[in-house]
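# Structural description and commentary
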Amino acid sequence: MAGKVGSSRQGRAQFPMERELEFAEYLVEIKRDNRMNKGNLKSEVFPAVVDKFAKNGCHFDPNQIKTKYYALKHLTQEYNRMRLRVTGAGWDPLFQTVT
(Lines give C-alpha, C1' and ligand atoms only; values in the text may rest on other atoms or scores of the structure.)
Protein backbone atom coordinates (compact mmCIF):
# COMPACT_ATOMS: atom_id res chain seq x y z
CA MET A 1 0.00 0.00 0.00
CA ALA A 2 3.04 2.26 0.04
CA GLY A 3 2.72 5.41 -2.00
CA LYS A 4 -1.05 5.62 -1.87
CA VAL A 5 -2.76 8.47 -0.10
CA GLY A 6 -4.07 7.17 3.19
CA SER A 7 -1.31 4.65 3.70
CA SER A 8 1.49 4.98 6.19
CA ARG A 9 4.08 2.79 7.84
CA GLN A 10 2.97 3.94 11.28
CA GLY A 11 -0.72 3.25 10.57
CA ARG A 12 -1.59 6.96 10.51
CA ALA A 13 -3.29 8.34 7.45
CA GLN A 14 -1.35 10.75 5.27
CA PHE A 15 -3.77 13.59 4.53
CA PRO A 16 -2.34 16.09 2.07
CA MET A 17 -3.65 19.63 2.53
CA GLU A 18 -5.84 19.21 -0.57
CA ARG A 19 -7.56 16.18 1.03
CA GLU A 20 -7.99 17.96 4.37
CA LEU A 21 -9.73 20.84 2.60
CA GLU A 22 -11.93 18.41 0.70
CA PHE A 23 -12.78 16.65 3.97
CA ALA A 24 -13.55 19.97 5.69
CA GLU A 25 -15.88 21.01 2.86
CA TYR A 26 -17.62 17.66 3.08
CA LEU A 27 -18.05 18.12 6.84
CA VAL A 28 -19.79 21.44 6.19
CA GLU A 29 -22.19 19.64 3.81
CA ILE A 30 -22.81 16.97 6.45
CA LYS A 31 -23.60 19.63 9.06
CA ARG A 32 -25.99 21.38 6.66
CA ASP A 33 -27.72 18.05 5.91
CA ASN A 34 -28.23 17.51 9.67
CA ARG A 35 -26.17 14.32 9.67
CA MET A 36 -24.58 15.13 13.01
CA ASN A 37 -25.68 14.05 16.46
CA LYS A 38 -24.91 16.58 19.22
CA GLY A 39 -21.83 17.85 17.38
CA ASN A 40 -20.52 14.42 16.41
CA LEU A 41 -20.85 12.61 13.12
CA LYS A 42 -23.47 9.89 12.91
CA SER A 43 -21.96 6.43 12.46
CA GLU A 44 -23.20 6.02 8.88
CA VAL A 45 -21.26 9.09 7.79
CA PHE A 46 -17.78 7.55 8.11
CA PRO A 47 -18.30 4.83 5.45
CA ALA A 48 -19.84 7.47 3.17
CA VAL A 49 -16.72 9.62 3.53
CA VAL A 50 -14.52 6.58 2.80
CA ASP A 51 -16.54 5.94 -0.38
CA LYS A 52 -16.34 9.59 -1.40
CA PHE A 53 -12.54 9.58 -1.12
CA ALA A 54 -12.30 6.18 -2.87
CA LYS A 55 -14.12 7.62 -5.90
CA ASN A 56 -11.32 10.19 -6.11
CA GLY A 57 -8.61 7.52 -5.87
CA CYS A 58 -7.80 8.02 -2.18
CA HIS A 59 -8.02 5.03 0.09
CA PHE A 60 -8.75 5.61 3.76
CA ASP A 61 -10.44 3.28 6.19
CA PRO A 62 -13.24 4.44 8.53
CA ASN A 63 -10.87 4.58 11.53
CA GLN A 64 -8.50 6.91 9.66
CA ILE A 65 -11.45 9.17 8.80
CA LYS A 66 -12.63 9.16 12.44
CA THR A 67 -9.14 10.00 13.67
CA LYS A 68 -8.83 12.89 11.21
CA TYR A 69 -12.31 14.16 12.12
CA TYR A 70 -11.53 14.24 15.84
CA ALA A 71 -8.11 15.83 15.21
CA LEU A 72 -9.70 18.59 13.12
CA LYS A 73 -12.45 19.03 15.72
CA HIS A 74 -9.83 19.42 18.45
CA LEU A 75 -7.85 21.96 16.40
CA THR A 76 -11.01 23.95 15.76
CA GLN A 77 -11.87 24.00 19.46
CA GLU A 78 -8.34 25.12 20.35
CA TYR A 79 -8.46 27.84 17.71
CA ASN A 80 -11.80 29.12 19.02
CA ARG A 81 -10.52 29.17 22.62
CA MET A 82 -7.40 31.05 21.57
CA ARG A 83 -9.37 33.52 19.49
CA LEU A 84 -11.70 34.28 22.39
CA ARG A 85 -8.75 34.75 24.78
CA VAL A 86 -6.95 37.15 22.43
CA THR A 87 -10.03 39.23 21.65
CA GLY A 88 -11.35 39.21 25.20
CA ALA A 89 -14.72 38.14 23.85
CA GLY A 90 -16.77 35.45 25.51
CA TRP A 91 -20.11 33.71 25.27
CA ASP A 92 -23.06 34.77 27.42
CA PRO A 93 -25.17 31.62 27.85
CA LEU A 94 -28.09 33.56 29.32
CA PHE A 95 -28.48 35.93 26.37
CA GLN A 96 -26.92 33.55 23.80
CA THR A 97 -24.64 36.27 22.51
CA VAL A 98 -20.95 37.08 22.24
CA THR A 99 -19.85 39.54 24.95
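Treat the numbers as computed from the prediction; the structure is a model and nothing was measured. (Residues numbered from 1 in each chain as written. Predicted model: local features only at pLDDT ≥ 70, side-chain atom pairs only at ≥ 80, totals over all residues. Heavy atoms only, no water.)

### Section: the overall build of the chain
- Within the chain one finds three helices and four strands.
- Classification of the 99 residues of the chain by burial places 25% in the buried group.
- Contacts spanning at least 24 positions in sequence make up 48% of the contacts within the chain whose residues lie at least 6 apart.
- Looking at the chain as shown, the accessible area adds up to about 7,400 Å², and 54% of this sits on carbon and sulfur atoms. (Helix = DSSP H or I, 4+ residues; strand = E, 2+ residues; numbered from the N terminus. Buried < 20%, exposed > 50% of the residue type's maximum accessible area, 1.4 Å probe, protein only. Contact = heavy atoms within 4.5 Å. Areas by Shrake-Rupley, 256 points an atom, 1.4 Å probe, with all protein chains shown as cover.)

### Observations regarding a nonpolar patch on the surface
- Together, Tyr 79, Met 82 and Val 86 make up an exposed nonpolar region whose accessible area comes to about 340 Å².
- Within the secondary structure, Met 82 sits in helix α3 (residues 62-87). (Patch = residues over 30% accessible without salt bridge, like charges linked within 9 Å, V, L, I, M, F, W, Y side chains within 5 Å. Salt bridge = Lys/Arg side-chain N within 4 Å of Asp/Glu carboxyl O.)

### A few points about the packing of helix α1 (residues 17-32) against α3
- For the pair α1 and α3, interaxial distance at closest approach is 12 Å and the crossing angle is 80°. Taken together, the axis directions place α1 and α3 in an arrangement best described as roughly perpendicular. Here α1 contributes Glu 20, Phe 23 and Leu 27 to the contact with α3, which in turn contributes Ile 65, Lys 68, Tyr 69 and Leu 72.
- In the contact of α1 with α3, the residues fall into five nonpolar, no polar and two charged. (Axes fitted to C-alpha atoms, helices over the stretch in contact; angles between N-to-C directions. Parallel < 35°, antiparallel > 145°, perpendicular 65-115°, else oblique. Nonpolar A, V, L, I, M, F, W, Y, C, P; charged D, E, K, R; others polar.)

### Things to note about the pattern of salt bridges
- All chains considered together, the criterion is met by four salt bridges.
- Between Glu 18 and Arg 19 there is a salt bridge, and its shortest N-O distance comes to 3.3 Å.

### What about helix α2 (residues 45-55)?
- Buried residues of α2: Val 45, Phe 46, Val 49, Val 50 and Phe 53, and no others. Looking down the long axis of α2, one finds its buried residues gathered within 140° of arc, a one-sided arrangement.
- After α2 finishes, the residue Gly 57 shows a positive phi value of roughly 85°. (Arc of directions from axis to C-beta.)

### Structural notes on the packing of aromatic side chains
- This structure, assessed with the given rule, holds seven aromatic pairs.
- Ring plane angle 35° and centroid distance 6.2 Å describe the contact between Phe 15 and Phe 23, whose orientation is recorded as tilted.
- Taken together through their ring pairs, the aromatic side chains of Phe 15, Phe 23, Phe 53 and Phe 60 make up a single cluster.
- The residue whose ring lies beneath Lys 66 is Phe 46, and the NZ or CZ to ring-centre distance is 5.3 Å. (Phe/Tyr/Trp six-rings, centres within 6.5 Å; stacked < 30°, edge-to-face > 60°. Lys NZ or Arg CZ within 6 Å of the ring centre and 35° of its normal.)

### Some details on the confidence of the model for the chain
- The predicted model of the chain averages 81 in pLDDT, with 87% of residues at 70 or higher.
- Summarising per-element confidence for the chain, the mean pLDDT is lowest in strand β3 (residues 91-92) (78) and highest in α2 (90). (pLDDT = per-residue confidence, 0-100.)

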